[in-house]
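Here are the chains, one letter per residue:
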Amino acid sequence: MRPTPQCWLTDMDGVLVREDHALPGAAEFLQRLVERERPFLVLTNNSIFTPRDLAARLTRSGLSVPESAIWTSAMATAAFLADQLPGGSAYVIGEAGLTTALHEAGYTLTDVSPDFVVLGETRTYSFEAITKAVRLILGGARFIATNPDVTGPSAEGPMPATGSVAAMITKATGRDPYFVGKPNPMMFRSALNRIEAHSESTVMVGDRMDTDVVAGIEAGLETILVLTGSTTIDDVERYPFRPSRVLPSIAEAIELV
């Protein structure tokens, strides 16, 4: 029997917001966490934006989330690298969310003999930068990527994302990257460390079986799947694992806090 949840992790898109609009119950859920003094983090695989950027986006959606309560794949990647090789160096393909996190972790960003090539999300992938990454990896740099998502959303439809570009670099180098973001439970474990939480008393709320739920299970968390994102109740039956609960939306999770 699990203890009463004391800490909460929740995905952002598909759980709290959709296309910059707050989903029903999201504001009340976050308010309940604050009222009950429950430590929480909002998680996202998006490595483009800094926590300040994302907090501002949530504010525009009508949701109040402090910067300190946001954990991105870029931050998880920086924490992982700082643990693997403190004070190391990296050649980075990515935007402010990733470069800022690596700087704050004490990393030097360079294109001269870096310890790592780090690939993240960006809205403008440069062929020149990808070519440089390929040559550095062939020269001995280790290959890290923030997340394995092959596509990302845009107003015009899906667009290639980190996983797709990583596959191209892998094809050219023969080297597979180590993905830090979901579904790697590493991202959840680093989030738990961030808020000094224990897996036995923490819940993960997500909208995807193949990232949020499976990573939550592997990290030892209670898991809640909400049906306001990309997963339907019929989709759940296709997987060999199950979330602890399936709820219509985050609104039904309020009473569990």
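All figures in this text were calculated on a predicted structure; none of them were measured in a lab. Throughout this description, residue numbers start from 1 for each chain and increase along the sequence as written. In keeping with the predicted nature of the model, local features appear solely for residues at pLDDT of at least 70, side-chain atom pairs appear and are counted solely at 80 or more, and the whole-chain, interface and lining totals rest on all residues. In computing side-chain properties, one takes all heavy atoms of the structure into account and sets aside hydrogens as well as water.

### What to know about the overall build of the protein
Part 1: Along its length, the protein carries nine helices and 15 strands.
Part 2: For 257 residues, the compact-globule estimate of 2.2 N^0.38 gives 18 Å, and the protein sits close to it at 18 Å.
Part 3: The C-alpha extent of the protein, read off along each of the three principal axes, is 55 × 35 × 35 Å.
Part 4: Summary of the burial criterion: residues with accessible area below 20% of their type's maximum are buried, those above 50% are exposed, and those between are partly exposed, where the area comes from a 1.4 Å probe applied to protein chains only. In the protein, buried positions account for 53% of the 257 residues.
Part 5: Counting only contacts in the protein whose residues sit at least 6 apart along the sequence, the fraction spanning at least 24 positions is 67%.
Part 6: In this description, accessible areas are obtained by the Shrake-Rupley approach with a 1.4 Å probe, and a residue is regarded as covered only by the protein chains that are shown. Total accessible area on the protein stands at roughly 12000 Å², and carbon and sulfur atoms take up 51% of it.
Part 7: His residues and chain termini do not enter the charge count, which takes Lys and Arg as positive and Asp and Glu as negative. A charge is said to be at NZ when it belongs to Lys, at CZ for Arg, at CG for Asp and at CD for Glu. In the protein, 21 side chains carry a positive charge and 31 a negative one; their mean positions are 3 Å apart. In DSSP terms, a helix is any run of H or I states spanning at least four residues, a strand is any run of E spanning at least two, and both are numbered starting from the N terminus. C-alpha atoms define the radius of gyration, and 2.2 Å times the number of residues to the power 0.38 defines the globule rule. A contact between two residues is defined here by any heavy atoms of the two lying within 4.5 Å.

### Focus on the UniProt feature "binding site: Mg(2+)" (unreviewed entry) in the protein
Part 1: In this numbering, the UniProt entry assigns the feature "binding site: Mg(2+)" (unreviewed entry) to Asp11, Asp13 and Asp207. The named residues occupy 197 residues along the chain; their greatest pairwise C-alpha distance, 8.2 Å, places them in one compact cluster.
Part 2: The topology assignment puts aspartate 13 in the loop between strand S1 (7-11) and strand S2 (17-18).
Part 3: Within the fold, aspartate 207 resides in the loop between strand S13 (202-206) and helix H8 (209-218).
Part 4: With relative accessibility at 5%, the residue aspartate 207 sits in the buried group. UniProt positions are given in the numbering used here, feature names are shortened, and annotations may be inferred rather than shown by experiment.

### As for the domain arrangement of the protein
Part 1: Bear in mind that the domain bounds are from an automatic or database domain assignment. If you check the domain split of the protein, you get domain 1 (7-45 + 182-253) and domain 2 (79-179).
Part 2: At the interface, five residues of domain 1 touch six residues of domain 2.
Part 3: Each of two parts loses accessible area, computed with a 1.4 Å probe, when they are put together; buried area is these two losses added. For the pairing of domain 1 and domain 2, the buried interface totals around 470 Å² over both sides, and the portion due to carbon and sulfur atoms is 47%.
Part 4: On the domain 1 side of the interface with domain 2, the three residues burying the most area are Asn45, Asn184 and Met186, jointly 71% of the side's total.
Part 5: Polar contact criterion, stated in full: a pair of N or O atoms within 3.5 Å, where within protein one must be able to donate a hydrogen and the other to accept it, and residues adjacent in sequence count only if both atoms are side-chain atoms. Counting the contacts that link domain 1 with domain 2 gives three residue pairs in polar contact (both at pLDDT 80 or more).
Part 6: For this scheme, ten residues count as nonpolar: Ala, Val, Leu, Ile, Met, Phe, Trp, Tyr, Cys and Pro. Four count as charged, namely Asp, Glu, Lys and Arg, and the remainder, Gly too, count as polar. Here the residues of the side of domain 1 that touches domain 2 sort into two nonpolar, two polar and one charged.

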